[in-house]
Amino acid sequence: MKNYTTLILSGLVIILAAVLVGVLTYERNQPAEERAVQPLVEIAPMEPDSSKWGINFPNQYDSFMKTETNNTPTTFAGSSQFSWLERDPRQVILFAGYPFSKDYNDDRGHANALADVRATGRLNLDDSNPKHTPATCYSCKSTDNPGLWDELGMEAYDKMTFNEMTPNINNSIGCANCHEAGTMRLIVTNPALKEALAAQGKDWETFTRQEMRTVVCANCHVEYYFKGDGKYLTFPWANGTDIDSILAYYEESGFKDWAYPDADTPMLKAQHPEYEFFTANSTHYNAGVSCADCHMPYVSDGATKYSSHDVHSPLLNAEQSCGQCHTDTQYVTNRVAAIQEQVASTKIQTEDAILDAITAIKAAVAAGNADAALLDQARKLHREAQFMWDFVSAENSTGFHNPEYALKILAESTNRARQAQMLAAQSIGDTSLLSTGTYYVTPTP
Ligand code: HEC
Ligand code: HEC
Ligand code: HEC
Ligand code: HEC
C-alpha cells in the first residue's frame, strides 16, 4: 500500500512537472503581447519618442540605438556611407538629368534616417521651383509620421512641401513605425502599404506573426512612386509585386520620373525593392524565412531573450543571423560572397549595354532624320532595361535575397538594352552605332 502511494505521488509529481515545463515553454515562445509583459509606463498611441518606449523595453531600445553609430562596411554594403557614384561612375551617366547623378550614398542604420534625408544633395528646397522636394520624402524616415498621417491624412501630408513639413518632424525611425503601443504587436503604419495590399485584396490584419516579421519592413523597403501633382505616395502593386507586373503598371499609367537628356527617354527610378525582390519565390521566402529572422535575430541578455533591434548587414554577425538555421556559417557566408561577386560583375556588363543604348539613341536624336517609330521602340526598351537593372541595383543585398531572380532580371535588361541600341542604329541606318564600349569609364576602387 505504502509503495503504491509513493508510486502514485511520484507519478503525479512527474506529470505536474511536465505540464509546468510545457506551459512555460509555450509562454516563452509567444509574442510579447501574449506573454502579458507588464508595462512600467503607459505609452501613448503612436508615441514618436522612442526613448519613452525604451523605459519599458530597455534591451530593444539599447540595441536599436546602436544603429546610430554603426559604421562597419562589408564588401558590397554595410553601415558606412560610401558613395555609389564614386564606386561605380557609370551610374553618374545612367542617372544623368536626375538628382541621383549628384548624390547617391549607401544606406546606414535606422537611427540616422532623418539626418541622412536632410543632408542628401538630392533635395531641392526652392519651393518656387516646380521640381521642389515634396513632404512625401519624409514618409519612411520618422516616427512622427503615423501621428501626422492620422491627424492630417496622407493626401494633405503629401501635398505639403518638404520645407513645410520639416518643423513637424523631430524623430528618426523608431518604435512607432513598426509597433502598436500597448499591445506591442507589429503593424502596418504606412497608409500606402495598407492601400497597396488592399488593392490586391489582402488585409494585413489577417496575416500571421511570421508574415508580419516580413511585411513590417514593407512599410519602407519597397518600390514606390509619387502619384500625380499631389505627390501621393503609391506602391505600383495593382498587378502584382514581381518586376513584370510593376513594369506593366508603369506602362499603363504612363508615369515617368524624368526624361533622359538628349535622348528624351521617359525614365523610371527604382527605389529599394527589398520586399518585392525577396518575396518573388526566393529560396528563403519559400522556406518561410522572414526579414527579421536574418536582420533581427534573437539574442540573450542573461536569462532574457529578445530580438536584436540593431538592424544591419547580417554578414557582420553571421553566427547569430544565419547560425540559428545553418550549422556551417562559414559555408553560407562564402556562398553569399560568391553570389554577390557574380551579381556585381553581371551588373557592370548590363550597365555597359545600357550606356551603349544611350549613345545610340542620343546620336539618332541628334541626326534629326530618324525613323520615329523605330526610335520610340528604342526608347521604350531603354526605359525598361534601365528600370530592370535598377531594380537589382537599388535592392540592397547585391542579389543575395534572391540570386536566380537577380541574374534573370539582369540578363533580360542586357537583352533589352542591346535591342534598344540596334533599333536606334537602324532608325538612322548608321551601323557605327552598333559598336560596344562607347563610354569608357575609369573604374575607381
Ligand atoms: C536569409 C537571410 C536574409 C533575409 C531573409 C533577408 N535578408 Fe536582407 N540581407 C541579407 C544579406 C546576407 C545581405 C547582404 C549584406 C551585405 O552585403 O553586407 C542583406 C542586405 C540587406 C540590406 C542592405 C544592408 C546594408 O548593409 O546596407 C537591406 C536594407 C536588407 N537586406 C533588407 C531586407 C529586407 C527588408 C528583407 C525582407 C524583405 C530582408 N532583408 C531579408 C540577408 C537576409
Ligand atoms: C523596423 C521595425 C521595428 C522597429 C523600428 C522596432 N521594432 Fe520591436 N520588433 C520588431 C520585430 C520584427 C520584432 C519581432 C516580433 C515578433 O517576432 O513577433 C520586434 C519585437 C519587439 C518586442 C517583443 C520582444 C522581442 O524582443 O522579440 C518588443 C518589446 C519590441 N520589439 C520593442 C521595441 C521598441 C521599444 C522599439 C523602439 C526602440 C522597437 N521595438 C522598434 C520590429 C521593430
Ligand atoms: C519606417 C521606415 C522603415 C522601416 C519600417 C524599416 N526600414 Fe530599414 N531602413 C529605412 C531607411 C530609410 C534606411 C536608410 C537609413 C539611412 O541611410 O540613413 C534603412 C536602412 C536599413 C538597413 C541598412 C542598415 C545599415 O546599417 O546599413 C537594413 C539592413 C534595414 N534597413 C533592414 C530593415 C528590416 C529588416 C526591416 C523590417 C524588420 C526594416 N528595415 C524596416 C527605413 C525603414
Ligand atoms: C530561419 C532559418 C534560416 C535563416 C536564419 C537563414 N537561412 Fe539560409 N536557408 C534556410 C532554408 C530553410 C534554406 C533552404 C534549404 C534547403 O532547401 O535545403 C536555406 C538555404 C540557404 C542557402 C542555399 C540557397 C539555395 O538557393 O540553394 C544559402 C546560401 C543560405 N541559406 C544562406 C544563408 C545566410 C547567409 C544566412 C544568414 C544571413 C541564412 N541563410 C539564414 C533557412 C535559413
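Our subject is the structure that appears above.
Sequence order as written defines residue numbering, which begins from 1 separately in each chain. Chains carry letters from A onward and ligands carry numbers from 1 onward, assigned in written order. Local features in this predicted model are restricted to residues whose pLDDT is 70 or higher, and side-chain atom pairs enter the listing and the counts only when it is 80 or higher, whereas totals over whole chains, interfaces and linings include all residues. As a convention, hydrogens and water are excluded, and side-chain values are obtained from all of the structure's heavy atoms.

### Details of the coordination of the iron atom of ligand 2
Then, number 1: Looking at the metal site, the iron atom of ligand 2 is ligated by His179 (NE2) and His309 (NE2), spaced 2.0 Å from it.
Then, number 2: Here a donor is any nitrogen, oxygen or sulfur atom (N, O, S) within 2.8 Å of the metal, with 3.2 Å used for Na, K and Ca; water is not among the atoms considered, so some sites may look incomplete. Site shape is set this way: if four donors have all angles between 85 and 135 degrees, tetrahedral; if opposite donors are over 155 degrees apart and all others between 65 and 115, square planar for four donors and octahedral for six; otherwise irregular. In this structure, the iron atom of ligand 2 is surrounded by 6 donor atoms whose angles at the metal cover 88 to 180 degrees, and the resulting shape is octahedral. Pair noted here: His179 is in the loop between α9 (162–165) and α10 (191–199) and His309 is in the loop between β6 (304–307) and α16 (318–321), with a separation of 130 residues, a long-range link. Only DSSP runs of H or I covering at least 4 residues are called helices, and only runs of E covering at least 2 are called strands; the numbering of each starts at the N terminus.

### Examining the site of ligand 2
Then, number 1: Any residue with a non-hydrogen atom lying within 4 Å of a molecule or strand is treated as near it. Surrounding ligand 2, one finds 19 residues, the nearest of these being Cys175, Cys178, His179, Ser307 and His309.
Then, number 2: Contact between ligand 2 and Gln60: an oxygen atom at 2.7 Å from a side-chain N or O atom of the residue.
Then, number 3: Think of a polar contact as two N or O atoms within 3.5 Å of one another; within protein, one of them needs to be a possible hydrogen donor and the other a possible acceptor, and neighboring residues in sequence only count if both atoms come from side chains. Between ligand 2 and His179 there is a distance of 2.8 Å, counted from a nitrogen atom to a side-chain nitrogen or oxygen.
Then, number 4: When residues of the shell around ligand 2 are traced back to their parent elements, those giving at least two are α3 (58–65), α11 (209–215) and β6.
Then, number 5: Its residues placed into classes, the shell around ligand 2 shows 12 nonpolar, 5 polar and 2 charged. Gly is put with the polar residues, along with every residue not named as nonpolar or charged; the nonpolar set is Ala, Val, Leu, Ile, Met, Phe, Trp, Tyr, Cys and Pro, and the charged set is Asp, Glu, Lys and Arg.

### With respect to the packing of aromatic side chains
Then, number 1: Each pair of aromatic rings taken from Phe, Tyr and Trp, with Trp reduced to its six-membered ring, is defined by centres within 6.5 Å and is described as stacked if the planes are under 30 degrees apart, edge-to-face if over 60, and tilted in the remaining cases. Applying the stated criterion to the full structure yields 23 aromatic pairs.
Then, number 2: Summarising the aromatic geometry, the rings of Phe82 and Trp84 are spaced 4.9 Å apart at their centres and angled 70 degrees between planes, so their arrangement reads as edge-to-face. Taken as a pair, Phe82 and Trp84 share a single burial class, namely buried.
Then, number 3: Whether a charge sits over a ring depends on NZ of Lys or CZ of Arg being within 6 Å of the ring centre and within 35 degrees of the ring normal. For the cation-ring pair, Arg87 lies above Trp84, with the distance from its terminal atom to the ring centre recorded as 5.7 Å.
Then, number 4: Between Arg122 and the ring centre of Phe100, over which it is positioned, the NZ or CZ distance is 3.9 Å. Three exposure classes are used, based on accessible area relative to the maximum for each residue type with a 1.4 Å probe and protein chains only: buried under 20%, partly exposed in between, and exposed over 50%.

### Re the packing of helix α18 (residues 372–393) against helix α19 (residues 403–428)
Then, number 1: Axes here refer to lines fitted to C-alpha atoms; in helices the fit is confined to the stretch in contact. Angles between the N-to-C directions go from 0 to 180 degrees. Between α18 and α19, the shortest axis-to-axis distance is 8 Å and the interhelical angle comes to 160 degrees. Classified by the angle between their axes, α18 and α19 sit roughly antiparallel to one another. Between α18 and α19 lies a crossing whose hand is left-handed.
Then, number 2: Residues that form the contact of α18 with α19 fall into these classes: 17 nonpolar, 6 polar and 3 charged. For classification purposes, angles smaller than 35 degrees are called roughly parallel, those larger than 145 roughly antiparallel, those between 65 and 115 roughly perpendicular, and all remaining angles oblique. Handedness of a crossing is defined here by the sense of rotation of the near helix relative to the far one, left-handed for an anticlockwise turn of less than a right angle and right-handed for a clockwise turn.

### So, the coordination of the iron atom of ligand 3
Then, number 1: All of the protein donors around the iron atom of ligand 3 are His110 (NE2) and His221 (NE2); their distances to the metal are 2.0 Å.
Then, number 2: Between the 6 donor atoms coordinating the iron atom of ligand 3, the angles at the centre fall across 86 to 179 degrees, so the site counts as octahedral. Here His110 is found in the loop between α5 (90–94) and α6 (113–119), whereas its partner His221 is found in the loop between α11 and β1 (225–227), with 111 residues between them in sequence.

### Some remarks on the pairing of strand β5 (residues 298–301)
Then, number 1: A pair of strands is treated as paired once DSSP finds two or more bridges between them. In this sheet, β6 lies alongside β5 in antiparallel orientation, the contact comprising 4 bridges. Along β6, the bridge assignment pairs Tyr298 with Ser307.

### Describing the site of ligand 1
Then, number 1: Taken together, the neighbourhood of ligand 1 is formed by 24 residues, with Asp107, Cys291, Cys294, His295 and His401 sitting nearest.
Then, number 2: In the model, a nitrogen atom of ligand 1 is placed 2.8 Å from a nitrogen or oxygen of the His295 side chain.
Then, number 3: Between ligand 1 and the protein, one listed contact pairs an oxygen atom with a side-chain N or O atom of Gln340 at 2.9 Å.
Then, number 4: Its residues placed into classes, the shell around ligand 1 shows 10 nonpolar, 11 polar and 3 charged.

### Overview of the pattern of salt bridges
Then, number 1: Here, a salt bridge means any side-chain nitrogen of Lys or Arg that lies within 4 Å of a carboxyl oxygen of Asp or Glu. Under the criterion given, the structure shown has 14 salt bridges.
Then, number 2: We note a salt bridge from Asp390 to Lys269, for which the minimum N-O separation is 2.9 Å. Remark: Lys269 occurs in the loop between β4 (266–267) and α13 (274–278) and Asp390 occurs in helix α18; sequence separation between them is 121 residues. The same class applies to Asp390 as to Lys269, namely buried.
Then, number 3: We note a salt bridge from Asp376 to Arg379, for which the minimum N-O separation is 2.9 Å. With Asp376 and Arg379 both in helix α18, this residue pair falls 3 residues apart, about one helical turn.
Then, number 4: Residue Asp376 is classed as partly exposed on the basis of its relative accessible area of 46%.
Then, number 5: In the salt-bridge network here, residues are joined through shared partners; they are Lys380, Glu384, Glu412 and Arg416.

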